[in-house]
Each structure stands twice: as structure tokens, then as C-alpha cells.
Amino acid sequence: MSTPNLIVTPSATMLSDAQRAEKMSNLSFGRTFTDHMVVIPYRDGAWQQGEVKAYGPLSLDPSTSSLHYGQSIFEGFKAFSQADGGVKTFRPQANGERFNRSAKRLAMPALPVELFMEAADTLISLDHPWVPENIGESLYLRPFMIATDPYLGVRPSLEYLFVLIASPAGAYFPKGVKPVTVWISEDYVRAAPGGTGEAKCAGNYAASLLAQEQAQQKGCDQVVWLDAVHREYIEEMGGMNLFFVYQENGKTTIVTPELTGTLLPGITRRSLLELAKDLGYESEERKLSVQQWRDDIAAGRMTEVFACGTAAVITPVGEVKANGFEMSINKGENGPVTMALRDALLAIQHGTAPDTHNWMHTVV
Ligand SMILES: *Cc1c(COP(=O)(O)O)cnc(C)c1O
């Protein structure tokens, strides 16, 4: 099943059906990988012949530039089993386009979106038995690109490696959806104007880990980031975008912080803004301060808060803590608007509701 751009060499050490079933019987996130991976090198100003081969270690020179200077980007999207045995991916083209925007910000070469899609389709088809079948489960695709020049000088690398790996993922909330507690970080920021907040680059995550650790020390699950300039406006939660649900005069409005250049433009975020209309909700993208958040919860105008992203889909926020205050949202329970949006999105992804927005891409 090689394609013009990708030579497929099936793994010689593929797991048996029984071994795979054993690995897939207790899925978590990001620890189990399929039999194959895609590798496409870039050199001499062009993408070279790509390969699909056995999943395994990469061999890198210790001077490999991405290891030193972090010229490294990634994406994340999912493939879902359909009732007819087929497999579809959710908005892979949007991920391919965002991958290239990240590449541009990190001075890396663009990968043609068709090649990005072809890499995913080929890998998923070959590792089809690794796509879990239950609702809430999926095959998580992780494309990434690293600078591979064996050179310690600081400049954009001349050589790169695009790699795609896949990991079967269990239900994010195996015991049912449960709201998280968040810590508003005043000591750390994730992204500043002119920085890399809009790009899905490895360094953003490295810089977030200490804040996440602090949130946990404060008894919270996740960190909420404020804008770097005023330290006032809400940006994101960990690696997810945030939504605030308002109920006023019989009208439901979902509000998400506007994209200022320091927020990561989530594809789940974008999808929920569209899905809101289908469910009869209004939607708004605007700035929201911590003070406004507190006032609107206190006034009862804001009734729910949730975070969204590919990995967890939608996570309700039940409690907010910061230096000097603490408040609970919707009594710390899952809210109806949050759950309606979550169910609607999952139904489209698993094919139990019509895909009226043409988000799903048929793989097999
Ligand atoms: C990936 C990511 C998101 C969510 O994006 P999706 O496309 O919805 O998965 C949100 N915030 C950050 C910081 C991210 O890295």
C-alpha cells in the first residue's frame, strides 16, 4: 500500500492480535503506540521520500539542534471508529494548516497539507486494528517536526524530520465526566505578545510545567493563564481553551477569550463556536477579566465554565482558586450546556449524529 510520497515497509515485529488486545484492554493516554510510524526528512530545501516503517527509536546526533534550542513543533488530532467499521478523522486539514502556521513562527519549512493528510491516512489504514471501538475512545495522532542539523550554532536548521506516531487513547474520564479545580497563576505567564503563544511548539509546554506543579501544590488540577501585560485577562487553562456560559433573559451565550495572538487557536474551540449555533446558543469571542469572572459568577449571570481541547474534548470547571479567593461554579457539578456541547461533538465524531459541518474525513 505504498503511495507516491510514502514507501511502506511493514514492521517485522508486529504484535499478534492477542498481544494487541492485551495492550488495548486498559488504555490510558499517550503510553501505548501502534506498530508503525511515518518519517519524512527535509534537506536541500525540499521534503524527501517519506517512509512508513516499524515504530521505534530515532537515532540523533548529540548536537542535534532541536535538542539544544527547541526548534520543535507538534499537533494532535484523533481518528474515531464508526458504527460501520470504518474510521474517520476529525478536521485533520485544520491541524495540517495550523502545523504550518506553527512551522512559520519557528522558522521551519511548511509541509504540504496533502502530505500531512496522506501520512495520517496511510498510518491509520495500516494500523487500523489499533483504532479502539468504544464510544469515548479514539486513536490519537501525534505529528511533530524537529530541527535535525548536527550544529550548535544558533540559526534555523537546514534539515528537519517530520514524524507521525499514533496512540490508542481510552476515555479521558473513565469513571464519567468530573469537573476540575483550577488555579489562576499570578506568578507565571504562558505567552507574551510577540512570543510563540499562538504556535504549538514544544517550548511553550516546557515553560508551563512549573506553573502546573504550583497549581497542584495549591490543591488544583490545572492552571489558568492570564495575559502577560495586564495580568488581568483570562487566556487559557493548561493546554486547553476556556468557555464561559451565560444565562440571561432566557438566552444562552457561550463566551470564549478572543484570539489576541497569545492564545492557541484550538480546533475544538473553533468547532464549539459553530456547534453552539446548532444548539440554539449565542456565542461571543471577547476579553474577560478575572474580576468580571468573579462578578458574573456572583451575580448568577455566568452559570458554567468549561475547557476544551482534542485530548479531553470538554472538561467542566467546578472550582476556581487564586491568591486570596476561591469560588465554586454550578455547585461544582457538570452543567447542562457543557454536557450538551460535549455530547453533540462526540456524536459527530463517532458518527451517531449527522456531520452537517463536513468535519469528518473518511480514512477507511
Ligand atoms: C493544542 C492546544 C489547545 C487545544 O487545541 P485543539 O486544537 O482544540 O486540540 C489549547 N491550548 C493550547 C495551549 C494547546 O497547545
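This write-up is about the structure you can find in this document. (Residues numbered from 1 in each chain as written. Predicted model: local features only at pLDDT ≥ 70, side-chain atom pairs only at ≥ 80, totals over all residues. Heavy atoms only, no water.)

**Description of the overall build of the chain**
Along the chain, the regular secondary structure elements total eight helices and 19 strands. For the chain, the C-alpha radius of gyration of 21 Å lies close to 21 Å, the compact-globule estimate for 364 residues. Once the C-alpha set of the chain is aligned to its principal axes, its extents read approximately 60 × 50 × 35 Å. Taken across its 364 residues, the chain has 53% of its residues classed as buried. When contacts within the chain are restricted to residue pairs at least 6 apart in sequence, long-range pairs at least 24 apart make up 73% of them. As displayed, the chain offers around 16,300 Å² of accessible surface, 49% of which is attributable to carbon and sulfur atoms. The positive charge centre, built from 31 side chains, and the negative charge centre, built from 41, are 2 Å apart in the chain. (Helix = DSSP H or I, 4+ residues; strand = E, 2+ residues; numbered from the N terminus. Rg over C-alpha atoms; globule rule 2.2 N^0.38 Å. Buried < 20%, exposed > 50% of the residue type's maximum accessible area, 1.4 Å probe, protein only. Contact = heavy atoms within 4.5 Å. Areas by Shrake-Rupley, 256 points an atom, 1.4 Å probe, with all protein chains shown as cover. Lys, Arg positive; Asp, Glu negative; His and termini not counted. Charge placed at Lys NZ, Arg CZ, Asp CG, Glu CD.)

**Some thoughts on helix α3 (residues 92-105)**
Between its first and last C-alpha atoms α3 spans 20 Å; for 14 residues at 1.5 Å apiece the expected length is 20 Å, and the two agree. Those residues of α3 lying buried are Pro 92, Ala 94, Asn 95, Gly 96, Arg 98, Phe 99, Asn 100, Ser 102 and Ala 103. Once α3 finishes, Ala 107 follows within two positions and takes phi at roughly 55°, a positive value. (Expected span 1.5 Å × (residues − 1).)

**As for the nonpolar core**
One finds Val 38, Ile 73, Ile 124, Leu 141, Met 145, Phe 162 and Leu 164 to be the most contacted residues of the largest nonpolar core, which totals 37 residues. Elements represented by at least two residues in this core include exactly β1 (6-8), β2 (36-43), β6 (77-81), α3, α4 (113-126), β8 (138-147) and β9 (160-169). Top contributing element to this core by residue count: α4, with six residues. Core analysis: the second largest hydrophobic core is formed by 26 residues, Val 290, Ile 297, Met 302 and Ile 329 among them. (Core = buried A, V, L, I, M, F, W, Y, C linked by side-chain atoms within 4.5 Å.)

**Details of unusual backbone geometry**
Residue Ala 107 is not a glycine yet carries a positive backbone phi of 55°. Along the chain, Ala 107 turns up in the loop between α3 and α4. Take Ala 107: its relative accessible area is 40%, and that puts it in the partly exposed class. For Asn 249, which is not glycine, the phi dihedral falls at a positive 50°. Relative to the helices and strands, Asn 249 is located in the loop between β13 (240-248) and β14 (251-256).

**A closer look at the packing of aromatic side chains**
Tallied over the full model, the rule gives 13 aromatic pairs. Note on Tyr 42 and Tyr 160: the rings are 5.9 Å apart at their centroids and 65° apart in plane angle, and the pair reads as edge-to-face. Highlighted residues: Tyr 42 in strand β2 and Tyr 160 in strand β9, separated in sequence by 118 residues. With respect to class, Tyr 42 is no different from Tyr 160; both count as buried. In this structure an aromatic cluster arises from ring pairing among Phe 77, Phe 99, Phe 116 and Phe 162. Its end group placed over the ring of Tyr 233, Lys 287 keeps NZ or CZ at 5.8 Å from the ring centre. Its end group placed over the ring of Phe 325, Arg 294 keeps NZ or CZ at 3.8 Å from the ring centre. (Phe/Tyr/Trp six-rings, centres within 6.5 Å; stacked < 30°, edge-to-face > 60°. Lys NZ or Arg CZ within 6 Å of the ring centre and 35° of its normal.)

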